[in-house]
Each structure stands twice: as structure tokens, then as C-alpha cells.
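Each chain, letter by letter, is given below.
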Amino acid sequence: MPRPRPLIIDTDPGIDDALAIAMALASSEVRVVGLTSVAGNSPLDVTTANAVALLAAFDRSDVPVAAGAAHPLAGTYERVKDSPHGDNGLGGIELEAPGLQRRSMHAMDLIADILRDAEPRSVDIAALGPLTNIAMFLAKHPDLADRIAHITVMGGGTGPGNITDHAEFNIWHDPEAAALVFADTGGAEIVVVGLDVTRRATLDADDLECLRRKSPRGALLARMINAYGDLHEGGWPMHDALALASIVHPPVISTRPASIEVVTAAGKHRGQTLVQFTDEARSPSSGRQIQFATDVDVPLFRDLVHTKVTC
Ligand code: RIB
Ligand code: CA
């Protein structure tokens, strides 16, 4: 049995973030060594409080939490009107405020502290919100990037967006940060899990009933997911949970090598990801290689949710 890989989760909880965090904590393949919060679905104070409260609800207040960026690299924080995550970021479900609070350091410095003691290419990062913290960490601590094995990003896509016609929310919120991360991560491999596959990674009413019956934690998550405003054809797409599932069980997605350009110019395409698959003979690589998710095993994803959401 291989040793669990250390995992840092950068997150803006967020209902699908909450499911991803619960699955990570229940997975023997990884050891969650830190949570860093970022402004995205909600303002930073809300996403940070949610991260701390979710860890307490999941009996894991031992995991350190550090707050990161309150706004994108370029510009101010813009709260999305009528967020599908609700005003409190968790579908209106109130969690108890735990005693233990976040660390006083910035998220990028908690990431650095964790990596400083790690072996080369040994730590995975799950980036489940805008990429502001990750970009800031890479800019401030480039010497530590060689301890990162993979950065798995929930973001982007080749088709229609979910926040504008052309952009996915995490990339749209901070396109400058995404462009920096996609351009250079000091050699760490990047896996991008975008809307092409996450829109298909849905849980339906039967899945929620199964979660309810399974455990108090399952029932709590079912209440949040049931309140998630992003409902498609009878199912709720669990974007971040699929990105997390691909870390603990890579066969749940299929990927192709690609280069990704992020549109940062103002206008209706800002935040769009222009994906060029580099395994096609006709197009030589125009940028660094990224593994881009092109397919998902939906039944396997659902099985992973149901086996990972325990107690
Ligand atoms: O577009 C989906 C992403 O935006 C997910 O990370 C969800 O939590 C929201 O942040
Ligand atoms: Ca998220």
C-alpha cells in the first residue's frame, strides 16, 4: 500500500468545494496537510470561515488553515450576484463556528512552510478556486516549486462558460493569475479539469438520498448540494469534487496534452481558455504541456463519491 501523498487544498468553499474536501479527508491515497482559502464564490472572510467550519464539521480541525488573497491580482473583488452557492457560500446551511481558527500567516506562506520540509516532487496541490494564491506562492517562493508533484486545477474549458458565454468562473475571477500558473509552475505537472468534464460529473436526487442515508456527514453534504443553484438536467455538477477525485483516482478522467492560453484582455472573452491539443501532428506545441481533461467516467465518479463520503 503506497504511502498517502501530502495534499494542499486551495479553495473558496463553496458547495462543490465542501464535497471535495470531505472526499479528500476520507481518502487513504492522500493526507490533507493544509487548506488555504481564497476569495471567489464568496468574499475571503466567508470562504475562510467556511474552510475552518467544514474541517470542524468533518472532525479535522487538526488541518491548518491560512487565508490568502481577498481580491484577484488585477483589480478588486467582484461578488457574483445570486451566486449558486448562496450568500453564505454553503447553500444557507449554517455550520457551528469552531474554537480553532485560521493561522495568522498568508496562504502562500503556509504553502511554503509545508513545502520547505517536503521531498522533491512529493506534494500535490488541488486548486479548487481562482488561482490567485497559487500565482502569488509561485512568484514569492519559486525556489520551493520543485517540491510540488502536481497541481490539479478545476477551471477553464473548451466550450461555453458558466459565468460568461466564454469563461469558467475560477479562471474568469482571476485570468492574470491563471495565465501565470499555466505558463510556469517550476516543473510541476498541471492537470486542468474543466467544464468539458465537470459539467457531466453530476449527482442527482437518488445520489443525495443515498448520501442522506449513509451518515450525518453525508446528510450535511446532501443538504448543501440540494441548495446548490447550479442544477442541470436533474443533476448538480460537482466541479471541484471531480477535480479532487482525479487526484485520488486518476482513471476517473481521461486527459490529453495541451497548451492553454488565457484571454486577459478586457471584453466578452476575458477569462476564456484557448486550448490547443499538442498531440495532434498538425500543431507543434506553442506553450508548456498541460494535461487537459477530455473525458470522465461518470459512474466511477459517483462510486468514488459514495465510497469516500464516510462517517
Ligand atoms: O466553475 C466552477 C468553479 O467555480 C468551482 O470551483 C466552484 O466552486 C466555483 O468556485
Ligand atoms: Ca470552488
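- Under an unreviewed UniProt entry, the protein chain has the name Inosine-uridine preferring nucleoside hydrolase and belongs to Rhodococcus opacus M213.

**Remarks on the site of ligand 1**
Inference 1: Near ligand 1 lie 13 residues; those nearest to it are Asp16, Leu128, Asn162, Glu168 and Asp240.
Inference 2: Asp16 places a polar side-chain atom, nitrogen or oxygen, 2.7 Å from an oxygen atom of ligand 1.
Inference 3: Contact between ligand 1 and Asn170: an oxygen atom at 3.0 Å from a side-chain N or O atom of the residue.
Inference 4: Considering ligand 1 on its own, with 280 Å² of exposed area, one finds that the protein chains cover 97% of that surface.

**Here's the deal with the coordination of the calcium ion (ligand 2)**
Where a metal carries four tetrahedral donors, each ideal angle is 109.5 degrees; where it carries six octahedral donors, the ideal angles are 90 or 180 degrees.
Inference 1: Around the calcium ion (ligand 2), the protein contributes the donor atoms Asp12 (OD), Asp17 (OD), Asp17 (OD), Leu128 (O) and Asp240 (OD), at 2.3 to 2.6 Å from the metal centre.
Inference 2: Binding-site remark: the calcium ion (ligand 2) is held by donors from one chain whose sequence spacing is D-x4-D-x110-L-x111-D. On the criterion of sequence distance, the pair formed by Asp12 in the loop between β1 (5–11) and α1 (15–25) and Leu128 in the loop between β4 (123–127) and α4 (132–140) is long-range, its members being 116 residues apart.
Inference 3: The class of Asp12 is buried, set by a relative accessible area of 0%.

**Notes on helix α11 (residues 298–308)**
Inference 1: Turning to α11, its buried residues number three or more, namely Val298, Phe301, Leu304, Val305, His306 and Lys308.
Inference 2: Taken together, the buried residues of α11 touch α1, β7 (202–204), α8 (205–214), α10 (239–248) and β11 (290–296).

**Re the nonpolar core**
Inference 1: One finds Leu19 and Phe301 to be the most contacted residues of the largest nonpolar core, which totals 58 residues.
Inference 2: Looking at this core element by element, the count peaks at 9 residues for α1.
Inference 3: Discounting chain neighbours no more than four positions away, the residues touching Leu19 are Leu203, Leu221, Ile225, Met238, Ala241, Val305 and Val309.
Inference 4: By size, the runner-up hydrophobic cluster in this structure holds 37 residues, among which are Ala127, Phe182, Val192 and Phe292.

**Looking at unusual backbone geometry**
Phi is mostly negative for residues that are not glycine, and the peptide bonds are mostly trans.
Inference 1: Despite not being glycine, Asp82 shows a phi value in the positive range, around 50°.
Inference 2: Not every positive phi belongs to a glycine, and Arg121 is a case in point at roughly 50°.
Inference 3: Here Arg121 lies in the loop between α3 (107–116) and β4.

**Here we look at the packing of aromatic side chains**
Inference 1: In total, this model carries 2 aromatic pairs according to the counting rule given.
Inference 2: Ring centres of Phe169 and Trp172 lie 5.9 Å apart, and the angle between their planes is 40°; this geometry places the pair in the tilted category. Here Trp172 and Phe169 lie together in helix α5 (residues 169–173), a separation of 3 residues that amounts to about one turn. Like Trp172, Phe169 is buried.
Inference 3: Their ring planes at 70° and their centres at 5.9 Å tell us that Phe277 and Phe292 sit as a pair that is edge-to-face. Linking Phe277 in strand β10 (residues 273–277) with Phe292 in strand β11, this pair joins segments that are 15 residues apart in sequence. Grouping residues by exposure puts Phe277 and Phe292 together as buried.
Inference 4: Above the face of the Phe277 ring, Arg256 is positioned so that its terminal group lies 4.0 Å from the ring centre.

**Some words on the sheet that holds strand β6 (residues 189–193)**
Inference 1: Strand order in the open sheet formed by 9 strands is β3-β2-β1-β4-β5-β6-β11-β9-β10, with mixed pairing between adjacent strands. On the outer flanks of this sheet lie β3 (65–67) and β10, each paired with one strand and no other. Across the sheet, the mean angle from the axis of one strand to that of its neighbour is 30°, orientation sign disregarded.
Inference 2: Two elements, β6 and β11, share 2 bridges in a ladder whose sense is parallel. Its bridge partner being in β11, Val192 is matched across the sheet by Phe292.

What counts and how
- Residues numbered from 1 in each chain as written.
- Chains lettered and ligands numbered in written order.
- Predicted model: local features only at pLDDT ≥ 70, side-chain atom pairs only at ≥ 80, totals over all residues.
- Heavy atoms only, no water.
- Near = heavy atom within 4 Å.
- Polar contact = N/O pair within 3.5 Å; in protein donor to acceptor, adjacent residues only side chain to side chain.
- Areas by Shrake-Rupley, 256 points an atom, 1.4 Å probe, with all protein chains shown as cover.
- Donors = N, O, S within 2.8 Å, 3.2 Å for Na, K, Ca; no water.
- Helix = DSSP H or I, 4+ residues; strand = E, 2+ residues; numbered from the N terminus.
- Buried < 20%, exposed > 50% of the residue type's maximum accessible area, 1.4 Å probe, protein only.
- Contact = heavy atoms within 4.5 Å.
- Core = buried A, V, L, I, M, F, W, Y, C linked by side-chain atoms within 4.5 Å.
- Phe/Tyr/Trp six-rings, centres within 6.5 Å; stacked < 30°, edge-to-face > 60°.
- Lys NZ or Arg CZ within 6 Å of the ring centre and 35° of its normal.
- Pairing = 2+ DSSP bridges.
- Axes fitted to C-alpha atoms, helices over the stretch in contact; angles between N-to-C directions.

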